[in-house]
Amino acid sequence: MIRRFGETPETGRTYTRRPGVYALLPQGKDLLVTWYDDGLNPELQLPGGGIDSGESPITALHREVYEETGWLIAAPRRIGAFRRFTYMPEYDLWAEKICMIYSARPVRRIGPPGETCHEALWIETTVAVQMLGNDGDRYFASKHLNRL
């Protein structure tokens, strides 16, 4: 059983399962995160997102981190997973998000984020633990902080 964070699923509501990959990208005491601001639901997030059909989790992780931060990464290592039930307004979808969390090394910034509404930020891990937009991301950032 994968640990659940956030809202309890609503009885009678149909949720679409959405597997995704997300990265803790440490450099010293800082983490590379993404600020997402669509004008409706601004949020500090771990870089990552959904796995496309036919795509491996590692390939998706590299793609998503690059799209949301402009950075290349190396040595990804899966450190855990969680699930959460949420509404995804950008897809008009109620989803059961299966979030696989990886730790990876940020290698080089190639350019700005390729996805609109995203801004790459370096912030102290202690700040990330308080400000990340969902309980699961905060939990894994906290576990990383405890290892520093």
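Rules used in this analysis
- Residues numbered from 1 in each chain as written.
- Predicted model: local features only at pLDDT ≥ 70, side-chain atom pairs only at ≥ 80, totals over all residues.
- Heavy atoms only, no water.
- Pairing = 2+ DSSP bridges.
- Helix = DSSP H or I, 4+ residues; strand = E, 2+ residues; numbered from the N terminus.
- Axes fitted to C-alpha atoms, helices over the stretch in contact; angles between N-to-C directions.
- Contact = heavy atoms within 4.5 Å.
- Buried < 20%, exposed > 50% of the residue type's maximum accessible area, 1.4 Å probe, protein only.

Draft legend 1. Quick peek at the sheet that holds strand β6 (residues 71–88). What the four strands build is an open sheet, ordered β5-β1-β7-β6; its pairing is mixed. Each edge of the open sheet carries a strand with a single partner, namely β5 (48–50) and β6. On average, adjacent strands in this sheet sit at an angle of 20° to one another, irrespective of strand direction. Across nine bridges, strand β1 (residues 16–24) lies against strand β7 (residues 93–109) in parallel orientation. In the sheet register, R18 faces β7, and the bridge partner there is K97. The sheet strands contacting helix α1 (residues 57–69) are β1, β5, β6 and β7, and the helix crosses β6 at an angle near 90°. Sheet strands in contact with helix α3 (residues 135–147) are β1, β6 and β7, and its direction is about 140° off that of β6.

Draft legend 2. Inspection of the pairing of β7 at higher detail. Judged by how many residues are buried, β7 sits mostly within the fold: 12 of 17 residues are covered. Pairing between β6 and β7: 15 bridges, direction antiparallel. Counterpart to F85 in the pairing with β7 is E96.

Draft legend 3. Broad picture of the side chain of E64. Here E64 shows up in helix α1. Judged by its relative accessible area of 6%, E64 is buried. Apart from residues lying up to four places away in sequence, E64 is in contact with G48, G49, G50 and E115.

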